[in-house]
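So you can see what is in the structure, the chains are spelled out below.
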Amino acid sequence: MDQKRKPDYDVISVGAGFAGLALIHHLRETGMSIRVFDRASDIGGTWTWNRYPGAMTDSESYYYCLMFSKELLQEWSWSQRYPSWKETLSYMHFVAERCDMWPHIQLNTEIVAADYQNDQGIWKVTTASGEFFTCKYFVSSMGMISHPVVPDIKDKNSFKGPIFHSARWPDGLEYKGKRVGIIGAGATTVQLVPAIAEDAAEVTVFHRTPNYILPAMQKPMTPEWEKEIKDNYDEIVAMCRNHGFGMAFGTANGRMAMETSLEECERIFEENWNGSFRWVFETFDDLLASPEANRLASEFIIRKMRERVNDPEVADILVPKADDYPLFAKRPPLDHGYLEAFNRDNVHVVDIKNREPLVEITETGIRTEKNLYEFDIIILATGFQAYTGALEAFPIRGESGISLREKWEDKSQSIMGVCVSDYPNLFIVTGPQAPFANLPTSIGQNAIWIANCISKMEAEGYDVFKPRKEAEEEWSATVSDIHSQTLMAQGDRVNSWMMGANLGDKKPRVLIYFGGANNYYDALDHSAEQGYPELEFEKLSA
């Protein structure tokens with residue numbers, strides 16, 4: 001490469017979902033040239049890949065959005081409490097068009113390598129077609145849940161019908177009148193089953209671990225509700241920024257289940273059983289900290305779930321027991337009629353953990369140790385490699401030449417989920433050891449931190465930042481210490497993706513900062529105010 005070559009772009013980012021759009025907005029304001037690449041044929045990230053029937057957000061629409069513009073918040077109108085993937089994708093098109101972002105986006109372009117050039121302090125980014133582009137700053141906006149996990153099931157390629165991961169739903173797939181087998185019972189399956197049960201001839205779920213399932217309680221966006229939201233958007237934005245999970249939720253105002261009578265606990269649980277995750281946060285403040293309080297909440301959910309399943313034997317498979325694991329050791333799905341779907345004659349469940357372990361996929365279906373189930377379609381709703389999957393899917397090589405995959409073989413460490421030691425001028429949006437929270441909130445906070453850091457470097461004439469190893473070790477120790485004090489630390493018992501325990505080739509690890517998203521955002525702000533002490537800035541010799 002020419003030693004004097006000017007980079008093609010100031011910033012290259014991979015991923016044209018919420019994070020890519022937020023970066024375009026914030027970095028364009030700094031005067032930086034930015035190019036966002038995505039291998040998909042459309043923007044949207046998660047919402048262009050996950051197009052299965054029933055796919056929708058689990059956060060309520062009015063705060064599952066980008067909040068950098070008061071005008072956009074007022075202009076866009078949502079149709080319902082939880083938008084479908086189509087509506088969310090339409091919203092993202094609205095943002096891209098309204099903010100003239102399309103000139104900065106290049107679709108149908110897969111990035112297959114990114115290599116830091118030590119001699120020049122720039123990144124070389126290579127595409128699948130063999131082209132390469134250079135940039136001063138390389139940013140991953142690929143998302144924390146974007147890399148599908150496809151299980152290693154014997155002879156899975158022998159099936160003669162369509163077989164695919166749920167995040168790669170084939171266009172035009174016809175399932176009406178077909179026999180459908182679904183492997184996996186997480187959030188995707190909870191949304192998918194009620195959406196296809198009415199038209200499919202048979203739906204059979206191969207089920208491993210029961211989930212605590214909370215009700216969504218979908219409802220339309222009325223003019224009155226929309227006016228209330230738009231009249232109070234400043235407060236809603238502030239609530240998201242200051243909430244422990246980045247949501248526009250209230251709090252329990254210090255109320256503790258362990259200081260409340262059982263009768264009063266039951267009354268408060270019932271009174272707040274109105275849908276969404278807010279039930280966990282607005283009832284009592286000790287549900288995720290106290291094992292005894294958590295058990296009270298778990299037992300309430302268990303009763304609610306069992307009430308909705310007619311067959312007790314089916315309920316035994318679908319509904320967890322309080323002794324299995326604590327609420328939130330696995331991320332609980334929101335329900336849109338999933339449990340009731342198993343009251344239909346054409347919807348079935350097979351317990352592959354305790355009764356019929358899965359053996360293989362055949363030409364005609366799925367074989368367990370007891371039966372052969374024949375299908376026309378098999379769906380692998382088997383989840384994702386969270387936080388690290390997309391970053392390890394192609395080699396991203398830093399100063400020493402090792403890839404992120406190699407660096408993270410045993411521990412996935414970072415600095416606040418946005419920088420990694422040995423990777424100069426690399427930023428990550430919502431990377432490992434960032435919080436698990438309402439993603440648009442965290443994305444917005446990360447994009448601001450990144451844009452301000454770049455502005456500082458450009459204003460002060462710096463060429464390179466190098467993340468400090470000691471800062472990475474300090475943040476990782478903090479994340480691990482907090483994690484060990486929470487009930488989420490038991491997630492490895494139930495193959496929770498929140499600990500990477502759903503992967504066969506890696507040991508579980510601490511992937512999430514559970515100290516409160518609000519405190520994490522404070523840490524980002526404090527870092528910026530202190531001049532980014534986690535980074536070492538350098539000027540290269542001419």
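Everything that follows concerns the structure shown earlier in this document.
Once a new chain begins, its residue numbering starts again from 1 and follows that chain's sequence as written. Whole-chain, interface and lining totals are the exception, using all residues; otherwise, since this is a predicted model, local features are given only for residues with pLDDT of at least 70 and side-chain atom pairs are given and counted only at 80 or more. The basis for every side-chain value is the complete set of non-hydrogen atoms in the structure, without hydrogens or water.

**Student:** Give a detailed account of the nonpolar core, specifying residues and quantitative values.
**Tutor:** Tyr-91, Trp-279, Tyr-338, Phe-427 and Trp-449 are the most contacted members of the largest nonpolar core, which has 143 residues in total. It is helix H15 (residues 439-460) that contributes the most residues to this core, 8 residues altogether. Contacts are assigned to residue pairs with any non-hydrogen atoms lying within 4.5 Å of each other. Excluding its chain neighbours within four sequence positions, the residues that come into contact with Tyr-338 are Ala-185, Thr-189, Val-190, Val-193, Pro-194, Val-205, His-207, Ile-213 and Leu-318. Here the nonpolar core consists of buried residues drawn from Ala, Val, Leu, Ile, Met, Phe, Trp, Tyr and Cys, with membership extended through side-chain atoms lying within 4.5 Å. Categorising residues by exposure relies on relative accessible area from a 1.4 Å probe, with only protein chains included: less than 20% of the type maximum marks a residue as buried, more than 50% marks it as exposed, and the intermediate range marks it as partly exposed. Core analysis: the next-biggest nonpolar cluster, separate from the first, contains 23 residues, Val-125, Ile-396, Trp-408 and Tyr-423 among them. Secondary structure elements are taken from DSSP: a helix is a run of H or I of four residues or more, a strand is a run of E of two residues or more, and numbering for both begins at the N terminus.

**Student:** Just give me the short version of the environment of Thr-134, but keep the residues and values in it.
**Tutor:** Locating Thr-134 in the fold gives a position in strand E6 (residues 132-140). Looking at Thr-134, the relative accessible area reads 1%, which means it is buried. Spatially, the C-alpha atom of Thr-134 lies 19 Å from that of Ser-400, the residues being 266 residues apart in sequence.

**Student:** Tell me what's going on with the pairing of strand E4 (residues 111-117), and back it up with residues and numbers.
**Tutor:** Burial of E4 is extensive: 6 of the 7 residues sit out of reach of the surface. Paired strands are those between which DSSP finds at least two bridges. Here 6 bridges tie E4 to strand E5 (residues 122-127), and the two strands are oriented antiparallel to one another. Counted as the bridge partner of Ala-114 is Val-125 from E5. Taking the residues that link successive antiparallel strands as the turn, the E4-E5 hairpin has 4 residues, and the phi of Gly-121 there is positive, at about 70 degrees. Summarising the sheet, E4 and strand E17 (residues 396-397) pair through 2 bridges and their orientation is parallel. The partner of Asp-115 across the bridge, within E17, is Arg-397.

**Student:** Account for the packing of aromatic side chains, naming residues and giving values.
**Tutor:** The rule is short: rings of Phe, Tyr and Trp, with Trp giving its six-membered ring, pair when the centres are within 6.5 Å, and they are stacked under 30 degrees, edge-to-face over 60, tilted in between. One pass over the structure, following the stated rule, counts 40 aromatic pairs. Between Trp-47 and Tyr-64, the aromatic rings sit 6.2 Å apart at their centres with planes inclined by 85 degrees, giving edge-to-face as the arrangement. With a gap of 17 residues between them, Trp-47 in helix H2 (residues 46-49) and Tyr-64 in the loop between H2 and helix H3 (70-75) connect regions that are remote in the sequence. Here Trp-47 and Tyr-64 have matching classes, each one buried. Aromatic side chains Trp-123 and Phe-138 sit 5.4 Å apart centroid to centroid with 35 degrees between the ring planes, which places their arrangement in the tilted category. Here Phe-138 lies in strand E6 and Trp-123 lies in strand E5, a separation of 15 residues in the sequence. Here Trp-123 and Phe-138 have matching classes, each one buried. Joined through ring pairs, the aromatic side chains of Phe-18, Trp-47, Tyr-64, Trp-76, Trp-78, Tyr-91 and Phe-94 make up one cluster. A cation sits over an aromatic face here: Lys-219 above Trp-225, 4.5 Å from the ring centre. Note on geometry: a ring has a charge over it if NZ (lysine) or CZ (arginine) is within 6 Å of the ring centre and within 35 degrees of the ring normal. The lysine or arginine in question, Arg-255, covers the ring of Phe-284, its NZ or CZ lying 5.4 Å from the ring centre.

**Student:** Give a description of the pairing of strand E16 (residues 377-380) that names residues and reports values.
**Tutor:** Side chains Ile-377 and Ile-379 of E16 all project onto a buried face; the interleaved residues Ile-378 and Leu-380 project onto the opposite face, where all are buried too. Pairing between strand E7 (residues 163-165) and E16: 3 bridges, direction parallel. Note that in E16 the partner of Ile-163 across the bridge is Ile-378. Sheet analysis places strand E8 (residues 179-183) next to E16, joined by 4 bridges and oriented parallel. Its bridge partner being in E16, Ile-183 is matched across the sheet by Leu-380.

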